[in-house]
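Here are the chains, one letter per residue:
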Amino acid sequence: QRDDILLSTALLFLLSGFSITTACNKALCASDVSKCLIQELCQCRPSDGNCSCCKECMLCLGSLWEECCDCVGMCNPRNYSDTPATSKSTVEELYRPIPSLFRALTEGEAPINMMVVSFPVAEELSYHENLVSFLETMEDQHQNVSLPGNSIHASYDNTQDIMCTVVYFDDCVSIRQCKQYCESMGGSKYRWFHNACCECIGPECLDYGSKAVKCMNCLF
């Protein structure tokens, strides 16, 4: 057990060093990077011409590779001030949503460590309306541009009174945790911002919820 504590301390020190030199996102990457370092899967250095472990390291980091490869010295450091992580997100539909469960958990007082936000579905779909208008303009100029189906227009016209409800978790979580949490709430979809803020999306929402980051302890 003492060896485990020493190893954990050494890994935290190592990660702290990476964060200083490469702007590594510790809040997002620490857990997965520690796992890969313990398994000695990310020990080589491409910058020195040695990429013998690159594939294994990429497989180990999985969906976090793009955000965390700089933490293990596998890619060039990011300048997060140029493209803030809050401006990017990953979305996915969940396989078996439970609408009644999601509604029950989001009615009334919000559960601890969560924020429930509701807004008109028409507001959620406004981006798609603008996109369709842009594509229609393109179609007038180029006949081979394919348009989305008419369902977007129809949905937009009939949703003025429908509210989209989403849930934000206060703390930063990994993308795996985000998906698991949203599944456990019966959510229909989730949006995971690249600063590790998680948004669960309810059954009334027709798109992927809000693009605003509102996790109380995970805003940057």
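Please read all numbers here as calculations on a predicted model, not as lab measurements.

## Section: the overall build of the protein chain
So, step 1. The number of helices and strands found in the protein chain is 8 helices and 5 strands.
So, step 2. In the protein chain, the succession of α and β elements from N to C terminus is α-α-α-α-β-α-β-α-α-β-α-β-β.
So, step 3. Counting every position in the protein chain, which comprises 220 residues, the buried fraction comes to 38%.
So, step 4. Put simply, the protein chain shows about 12,700 Å² of open surface, and 53% of that area lies on carbon and sulfur atoms.

## Digging into the packing of aromatic side chains
So, step 1. The full count for this structure, using the stated rule, is 1 aromatic pair.
So, step 2. Here the aromatic rings of Phe169 and Tyr181 are separated by 5.2 Å at their centres, their planes lie at 55°, and the arrangement is tilted. Here Phe169, found in strand β3 (residues 163–169), pairs with Tyr181, found in helix α8 (residues 175–184); they are 12 residues apart in sequence, far enough to count as distant.
So, step 3. The residue whose ring lies beneath Lys189 is Tyr208, and the NZ or CZ to ring-centre distance is 4.8 Å.

## Some points on helix α3 (residues 54–61)
So, step 1. Burial in α3 covers these residues: Cys54, Cys57, Cys60 and Leu61. Seen from one end, α3 has its buried residues packed into an arc of 130°, which puts them on one side. Opposite its buried face, α3 presents the exposed residues Lys55 and Leu59, each directed more than 90 degrees away.
So, step 2. Summarising the contacts, the buried residues of α3 are in contact with α2 (26–38), α4 (65–68) and α8.

## Focus on the sheet that holds strand β5 (residues 198–201)
So, step 1. Taken in spatial order, the 5 strands make up an open sheet running β1-β4-β5-β3-β2, and their pairing is antiparallel. The open sheet terminates on both sides in strands that have one partner only, identified here as β1 (89–93) and β2 (114–120). Adjacent strand axes in the sheet meet at a mean angle of 20°, parallel and antiparallel pairs treated alike.
So, step 2. Two strands pair when backbone bridges link them, and β1 and strand β4 (residues 189–193) are joined in this way by 5 bridges, in the antiparallel orientation.

## Some remarks on unusual backbone geometry
A negative phi angle is the norm for most residues apart from glycine, just as the trans form is the norm for most peptide bonds.
So, step 1. Within the chain, Glu40 stands out as a residue other than glycine whose phi angle is a positive 55°.
So, step 2. Within the secondary structure, Glu40 is located in the loop between α2 and α3.
So, step 3. A residue is classified by how much of its surface remains accessible, and Glu40, at 59% relative accessible area, is exposed.
So, step 4. You will see that Asn113, though not glycine, has its phi angle at about 65°, which is positive.
So, step 5. On the secondary structure map, Asn113 appears in the loop between α5 (99–106) and β2.
So, step 6. Residue classification places Asn113 among the partly exposed residues on the basis of a relative accessible area of 45%.

## A look at the pattern of salt bridges
So, step 1. Evaluation of the coordinates by the stated rule reveals 4 salt bridges.
So, step 2. Here Lys179 and Glu92 are joined by a salt bridge, their closest N and O atoms 3.0 Å apart. Of this pair, Lys179 sits in helix α8 while Glu92 sits in strand β1, and the two are 87 residues apart along the sequence.
So, step 3. According to the relative accessible area criterion, Lys179 is partly exposed, its value standing at 28%.

## Quick notes on the confidence of the model for the protein chain
So, step 1. Looking at the protein chain, the pLDDT average stands at 76 and 69% of residues meet or exceed 70.
So, step 2. Considering only residues more than four positions removed or in separate chains, one finds that residues 13–22, a stretch of pLDDT under 50, has 18 contacts.
So, step 3. Here residues 129–139 scores under 50 on pLDDT; set against residues more than four positions off or in separate chains, the count is 14 contacts.

The rules we used
- Residues numbered from 1 in each chain as written.
- Predicted model: local features only at pLDDT ≥ 70, side-chain atom pairs only at ≥ 80, totals over all residues.
- Heavy atoms only, no water.
- Helix = DSSP H or I, 4+ residues; strand = E, 2+ residues; numbered from the N terminus.
- Buried < 20%, exposed > 50% of the residue type's maximum accessible area, 1.4 Å probe, protein only.
- Areas by Shrake-Rupley, 256 points an atom, 1.4 Å probe, with all protein chains shown as cover.
- Phe/Tyr/Trp six-rings, centres within 6.5 Å; stacked < 30°, edge-to-face > 60°.
- Lys NZ or Arg CZ within 6 Å of the ring centre and 35° of its normal.
- Arc of directions from axis to C-beta.
- Contact = heavy atoms within 4.5 Å.
- Pairing = 2+ DSSP bridges.
- Axes fitted to C-alpha atoms, helices over the stretch in contact; angles between N-to-C directions.
- Salt bridge = Lys/Arg side-chain N within 4 Å of Asp/Glu carboxyl O.
- pLDDT = per-residue confidence, 0-100.

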